[in-house]
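What follows is each chain in one-letter form.
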Amino acid sequence: MTESTDTPAAAAAEKTPTENGTTETPPEETPEKATEEKEKETPPPKEMRAVVLTGFGGLKTVKILKKPEPTPAEGEVVIRVKACGLNFQDLIVRQGAIDSPPKTPFILGFECAGEVEQVGEGVTNFKVGDQVVALPEYRAWAELVAVPAQYVYALPSGMSALDAVAITTNYVVAYLLLFEMANLTPGKSLLVHSAGGGVGQAVAQLAKTVDDVTVFGVCSKSKHEALKANNNNIDHLLERGSDYTSEVRKICPDGVDIVLDCLCGEECNRGYSLLKSMGRYILYGSSNIVTGETKSFFSAARAWWQVDKVSPIKLFDENKSLAGLNLRHLLFQHGRADYVRRAVDRVFTLWGEGKVKPLVDSTWALEDVGEAMQKMHDRKNIGKLVLDPSLEPKPKPATPAKGKSGKEKKPAKESSEDKKEKETKEEEKKPAENGEKNESKDKEKESS
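First things first, this report covers the structure right here in the doc. Treat the numbers as computed from the prediction; the structure is a model and nothing was measured.

## Points about the overall build of the protein
So, step 1. In terms of helices and strands, the protein carries 13 helices and 18 strands.
So, step 2. Counting only residues that meet the buried cut, the protein has 42% of its 448 residues in that class.
So, step 3. Within the protein, residue pairs in contact and separated by at least 24 positions form 67% of the contacts whose partners lie at least 6 positions apart.
So, step 4. Total accessible area on the protein stands at roughly 25,800 Å², and carbon and sulfur atoms take up 50% of it.

## Concerning the nonpolar core
So, step 1. The biggest cluster of nonpolar side chains holds 99 residues, and the ones touching the most others in it are L108, W141, L190, L260, Y284, L331 and F348.
So, step 2. Ranked by residues supplied to this core, first place goes to helix α3 (residues 161–181) with 13 residues.
So, step 3. Not counting the four nearest positions on each side in its chain, L108 is found in contact with V51, L53, V62, V93, R139, A140, W141 and M373.
So, step 4. L191, V248, L274 and Y281 belong to the second largest nonpolar core, which has 16 residues in total.

## Some thoughts on the packing of aromatic side chains
So, step 1. Within the structure shown, the criterion is met by five aromatic pairs.
So, step 2. The interplanar angle of 50 degrees and the centroid separation of 6.3 Å between the aromatic rings of F56 and F106 together place this pair among those described as tilted. One end of the pair, F56, is in the loop between β3 (47–53) and β4 (62–68); the other, F106, is in strand β6 (residues 106–107), and 50 residues separate them in sequence.
So, step 3. Between Y151 and F332, the ring centres sit 4.9 Å apart and the planes meet at 75 degrees, which makes this aromatic pair edge-to-face. With a gap of 181 residues between them, Y151 in the loop between β9 (144–148) and β10 (152–154) and F332 in helix α10 (residues 327–332) connect regions that are remote in the sequence.
So, step 4. Across the ring face of Y339, the terminal group of R336 is positioned such that the distance to the ring centre comes to 4.7 Å.

## Some points on the side chain of D130
So, step 1. Mapped onto the secondary structure, D130 falls in the loop between β7 (112–119) and β8 (131–134).
So, step 2. Within the structure, D130 has its side chain in polar contact with the backbone nitrogen of K127 (distance 2.9 Å).
So, step 3. D130 has contacts with G114, E115, V116 and N125, leaving out every residue within four places of it along the chain.

## As for the sheet that holds strand β16 (residues 321–324)
Working definition: the strands of a sheet are paired by backbone hydrogen bonds and lie parallel or antiparallel to each other.
So, step 1. Spatially, the six strands line up as an open sheet ordered β13-β12-β11-β14-β15-β16, and their pairing is parallel. In this open sheet, the two edge strands, each paired with only one partner strand, are β13 (236–239) and β16. Mean inter-strand twist for the sheet, computed between neighbouring axes without regard to direction, equals 15 degrees.
So, step 2. In terms of strand pairing, strand β12 (residues 214–219) meets β13 through four bridges, oriented parallel. Bridging across to β13, F216 finds its partner in H236.
So, step 3. Strands in contact with helix α4 (residues 198–207) are β11 (189–193), β12 and β14 (256–261); relative to β11, the strand with the most contacts, it is inclined by about 165 degrees.
So, step 4. Contacts from helix α7 (residues 266–274) reach β11, β14, β15 (275–283) and β16 within the one sheet, and its direction differs from that of β15 by about 150 degrees.

## Details of the pattern of salt bridges
Two side chains bearing opposite charge may form a pair once their charged atoms approach each other closely.
So, step 1. Summed over all chains, the structure comprises 16 salt bridges.
So, step 2. Across the salt bridge formed by D130 and K127, the nearest N and O atoms sit 3.0 Å from each other.
So, step 3. On the basis of relative accessible area, K127 is assigned to the exposed category, the value being 54%.
So, step 4. Taking the shortest distance from any N to any O, the salt bridge between D257 and K276 comes out at 3.9 Å. Within this pair, whereas D257 is found in strand β14, its partner K276 is found in strand β15, the two being separated by 19 residues in sequence.
So, step 5. Under the relative-accessibility criterion, K276 is labelled partly exposed at 25%.
So, step 6. What emerges from the salt-bridge pattern is a single network uniting R49, E143 and E367.

## Examining the side chain of E267
So, step 1. With respect to the helices, strands and loops of the structure, E267 is situated in helix α7.
So, step 2. Among the polar contacts listed, one links the side chain of E267 to the side chain of Y244, at a separation of 2.4 Å.

## So, the pairing of β15
So, step 1. Note that β14 and β15 share five bridges and pair parallel. Pairing of I258 across the sheet is with R280, part of β15.
So, step 2. Handedness of the crossover joining β14 and β15 through α7 is recorded here as right-handed.
So, step 3. As judged from the four bridges shared by β15 and β16, these two strands associate in the parallel manner. Paired with L283 across the two strands is G324, which belongs to β16.

Scoring rules and cut-offs
Residues numbered from 1 in each chain as written. Predicted model: local features only at pLDDT ≥ 70, side-chain atom pairs only at ≥ 80, totals over all residues. Heavy atoms only, no water. Helix = DSSP H or I, 4+ residues; strand = E, 2+ residues; numbered from the N terminus. Buried < 20%, exposed > 50% of the residue type's maximum accessible area, 1.4 Å probe, protein only. Contact = heavy atoms within 4.5 Å. Areas by Shrake-Rupley, 256 points an atom, 1.4 Å probe, with all protein chains shown as cover. Core = buried A, V, L, I, M, F, W, Y, C linked by side-chain atoms within 4.5 Å. Phe/Tyr/Trp six-rings, centres within 6.5 Å; stacked < 30°, edge-to-face > 60°. Lys NZ or Arg CZ within 6 Å of the ring centre and 35° of its normal. Polar contact = N/O pair within 3.5 Å; in protein donor to acceptor, adjacent residues only side chain to side chain. Pairing = 2+ DSSP bridges. Axes fitted to C-alpha atoms, helices over the stretch in contact; angles between N-to-C directions. Salt bridge = Lys/Arg side-chain N within 4 Å of Asp/Glu carboxyl O. Right-handed = clockwise from strand over helix to strand, strands pointing away.

Quick look at the structure:
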């Protein structure tokens, strides 16, 4: 019979002698301790700043938070962002008035420019260090963003990140409106709403690359002087909210060839009524649904109700056309990325030839995005609003000091010594005042 040499399943741990001669058993390593040691060894993920929408609503729902840095998936590039474009669509997203919004929280923004920092598998048309602009579906307002390469465009030589975000979305929309949809040719006339905004200025500049084109621009009266002083390409400035249709008829009795509307609502009916035969009305926005800081179902319903329902028979009888352009749907729902890329290339060529020059209203730090949004909401911007992650935020105004309860501190109470001094001074004043009163009474008696 042979002796078994198998070790027991739970062998006794080796004992080690101690200074006093006794022996102790080392502690057994548990799975919990092993995972703790691994967590200590692996460094925490790198983080970045990002503009995050925490819930649909007002400006308080927009916060600057730390988020993990993205890594490129297959077909993506990671961009170190130098500038972000602010568009009216971002205000509509914040309110939750856009179709099929993602669940909150998520990173805002549809436009950014910067430098390629990482390249994912399968990407052959970009490399690390390339200067690019991108049109992602959300997530653009951050220090880093991962974007599918089909929505990324190389910048021409000499174009800065600031110019890139001031040009790409606005001028691509304007180019598609004028040359792909409205068929702008010499001698035509057009009317554009929000003429002082980014797209409005892009439309005016691009329209003037065609000979003998008359441009009517509708915007707030407060913007007229600034637009006139800034190499204005608009032939006739009209006041928003006025009876501008009558003003147009005085200059062009037959109406205009093209109406570009980003407002919707009752402006649709006015725009259609201004079209001459063979004219074309194009809707490319619905900013009239944004009335307050938060979403208004009444404003949305009113904007829909105010639009006349035009029959195709009416279009046939009047020789007019209706059209629409939604760049976000064109890119992300209709799969026309190549079509948009051709428009981007054409716009960049026009910029290189000096035929277009973007107008930047102002540049803001990420932390000041709320102020930038409010400025756009109030229609006070002339040109593009840009966010720059490298900028320091504006200093906040000083607020009164608060106590532990959160209420403003009250003035310190008087000490007992101060109270005594006040009382003694008041007592000293009383005899003198009484004496003056008695003297005045005696004089009155003598005079009587």
